[in-house]
Amino acid sequence: MSKNLTKYVCQSCGYVSPRWIGKCPNCSEWNTFVEEVSAPVRASRKTGVTSKIEPVSFDQIEKEDVPRIKTMLNEFDRVLGGGLVPGSLVLLGGDPGIGKSTLMMQLAIALKDQAVLYVTGEESVRQIKLRAERLNAISAKNILLLAETNLDLILDVIDSGTPDLVIVDSIQTMFRPGLESAPGSVSQVRESAALLLRLAKTRGIPIFLVGHVTKEGAIAGPKVIEHMVDTVLQFEGEAHYAYRILRALKNRFGSTNEIGIFEMHDTGLREVLNPSEIFLSERNYGTSGSTVVASIEGSRPILVEVQALVTPTNYGMPQRTSTGFDYRRLALLLAVLEKRVGMNLGQQDVFVNVAGGIRIDEPAVDLGIAASIASSLRDIPVDSSSVAVGEIGLGGEIRTIGQIEKRVHEAAKLGFKRIIVPQHNLKTFKPNGEIEIIGVDRIEKAIEALIG
Ligand code: TYD
Ligand code: MG
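Residues numbered from 1 in each chain as written. Chains lettered and ligands numbered in written order. Predicted model: local features only at pLDDT ≥ 70, side-chain atom pairs only at ≥ 80, totals over all residues. Heavy atoms only, no water.

### A short note on the sheet that holds strand E14 (residues 300–312)
Here comes step 1: Reading across the sheet, the seven strands line up as E15-E16-E14-E13-E17-E20-E21 and stay open at both edges, with mixed pairing between neighbours. In this open sheet, the two strands that pair with only one neighbour each are strand E15 (320–323) and strand E21 (436–440). Strand-to-strand twist of the sheet, defined as the mean angle between neighbouring strand axes without regard to direction, takes the value 25 degrees.
Here comes step 2: With seven bridges connecting them, E14 and strand E16 (residues 348–354) associate as antiparallel partners. The partner of proline 312 across the bridge, within E16, is glutamine 348.
Here comes step 3: Strands E15 and E16 of the sheet are contacted by helix H7 (residues 327–341), whose axis makes an angle of about 130 degrees with E15. (Pairing = 2+ DSSP bridges. Helix = DSSP H or I, 4+ residues; strand = E, 2+ residues; numbered from the N terminus. Axes fitted to C-alpha atoms, helices over the stretch in contact; angles between N-to-C directions. Contact = heavy atoms within 4.5 Å.)

### Quick word on the site of ligand 1
Here comes step 1: Near ligand 1 you find 15 residues, and of these Lys100, Ser101, Thr102, His265 and Gly268 are the closest.
Here comes step 2: With respect to ligand 1, the side chain of serine 101 contributes an N or O atom lying 2.7 Å from an oxygen atom.
Here comes step 3: When ligand 1 sits alone it has 550 Å² of accessible area, and the protein chains cover 75% of it.
Here comes step 4: Mapped onto the shell around ligand 1, the elements with two or more residues apiece are helix H2 (100–110), helix H3 (125–134) and strand E11 (259–265).
Here comes step 5: For the shell around ligand 1, the element with the highest residue contribution is H2, accounting for three residues.
Here comes step 6: The class makeup of the residues in the shell around ligand 1 is three nonpolar, seven polar and five charged. (Near = heavy atom within 4 Å. Polar contact = N/O pair within 3.5 Å; in protein donor to acceptor, adjacent residues only side chain to side chain. Areas by Shrake-Rupley, 256 points an atom, 1.4 Å probe, with all protein chains shown as cover. Nonpolar A, V, L, I, M, F, W, Y, C, P; charged D, E, K, R; others polar.)

### Comments concerning H3
Here comes step 1: Along H3, the positions that sit buried rather than exposed are Ile128, Arg131 and Ala132. Projected onto a plane normal to the axis of H3, the buried residues spread over an arc of 100 degrees and lie on a single side. Among the exposed residues of H3, those oriented more than 90 degrees off its buried face are Arg126, Leu130 and Arg134.
Here comes step 2: Structurally, H3 contributes buried residues whose contacts are with H2, strand E5 (116–120) and strand E6 (143–147).
Here comes step 3: Directly after H3, the chain includes asparagine 136, whose backbone phi takes a positive value near 60 degrees. (Buried < 20%, exposed > 50% of the residue type's maximum accessible area, 1.4 Å probe, protein only. Arc of directions from axis to C-beta.)

### Observations regarding the sheet that holds E5
Here comes step 1: Taking strand neighbours across the sheet as the criterion, the nine strands line up as E6-E5-E7-E8-E4-E9-E10-E11-E12 in an open arrangement whose pairing is mixed. Looking at strand neighbours, the two that pair on one side only are E6 and strand E12 (268–271), the edges of this open sheet. Taking the axes of each pair of neighbouring strands and ignoring which way they run, one obtains an average angle of 25 degrees across the sheet.
Here comes step 2: As paired elements, strand E7 (residues 165–169) and strand E8 (residues 207–212) share four bridges and run parallel to each other.

### Quick look at the side chain of serine 17
Here comes step 1: Tracing the backbone shows serine 17 in strand E2 (residues 16–17).
Here comes step 2: Looking at serine 17, its side chain comes within polar contact range of the main-chain oxygen of arginine 19, at 2.5 Å.
Here comes step 3: In contact with serine 17, other than residues within four places in its own chain, are Lys7, Tyr8 and Phe33.

### Some details on unusual backbone geometry
Here comes step 1: Across the junction of aspartate 169 and serine 170, the peptide omega takes the value 5 degrees, indicating a cis bond.
Here comes step 2: Within the secondary structure, serine 170 is located in the loop between E7 and helix H5 (186–203).
Here comes step 3: Look at serine 28: it is not a glycine, yet its phi comes out positive at around 65 degrees.
Here comes step 4: Residue position: serine 28 is located in the loop between E2 and strand E3 (33–38).
Here comes step 5: Even without being glycine, aspartate 379 reaches a positive phi, approximately 55 degrees.
Here comes step 6: Positionally, aspartate 379 belongs in the loop between helix H8 (366–378) and strand E17 (386–388).

Set out below in structure tokens:
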């Protein structure tokens, strides 16, 4: 066997060193060096490069409408941008235990007319069968399982068969025997992904790579292959909630705004088709500190309850805790409430929570958060038939938000009587009378409209 050449490359600036060093002499970053091995080229594998290569002009390129494969999982198709693209390489990342293997197995089951090769490097075929039993799918004829981690052998299996879709669970367990580093190391993960990428492109087979996201060391995780793949999906959720959100972080074939919402049951993941109803189902009526907001996730409006609890600080520094909402944004809203509304929050602990375990990062929910805080402080419930939307500026003004029609319509659809919106939005928005609309320009007025 020819000798592998090992070098260490700084992931921050690209500086190359013959040995590992802690601090980069070029960019002074710490712990950025990772091993890279130039592997001997495998002779038996075709490279996919033809002998005649020529550049082309635009008019030489024929328009090609690639038919997308519908997966029958609507939420999944939505996130992919309308279905699976042949020859695409998709990375599915997420915390261990969140449900990645379950999602992939359900995808395989849903594609019942496609031959799916499910390569598992983490579980035995028996464990996979147990999962399939839970999903009530052991009769699925279109799925073939392969418990293997040697990528060269896996590629041979793919070459000799005719799969329509390949799932590799997980990319961190795969290794090429030609490389000396361990499975899961940067060079192994990158090399494996590169080979699978070539396979996807040359054979036109869509390939899913499952990757565990390690919280601490993102470098050795699937991050290193994000630039290679066509689509990066992230599966996320809070451990104590059944909701799972599928998000596209990168998508060469569609938008990255869409999310898919699932719920984990004992018989697998179920699509949540009307998220607002679910997120409001456990609402606490008549209690102070709760406001319903209309947030836009992707292209969809979702109504969610934002809660606040304000209690006097017993000793020392007042606490501020935020779940599902940006902590710094909370600090900003508290400052605005103090300065512009004259609320005294300096000796109060403030806890903010977005119900249902989802995370909202758009400023349109500012008003809802502020109203919940004011409501809890004064111990007066927010009008339970109202929804509030609006971004709050540092001067206490309520600023214009996007996609107002969708939000208003969703609130009306779910039976709310009133919606508080930024005054400026009413310049362009023509209400159709489905719900009472109240425009506000100042935070004080909004709070008055909501809690009187
Ligand atoms: P899994 O798909 O193995 O997670 P990952 O591949 O991301 O590590 O699923 C993890 C959890 O999901 C596991 O704790 C069991 C649970 N689960 C259900 O609640 N219902 C089900 O039908 C299945 C298959 C799993
Ligand atoms: Mg798994």
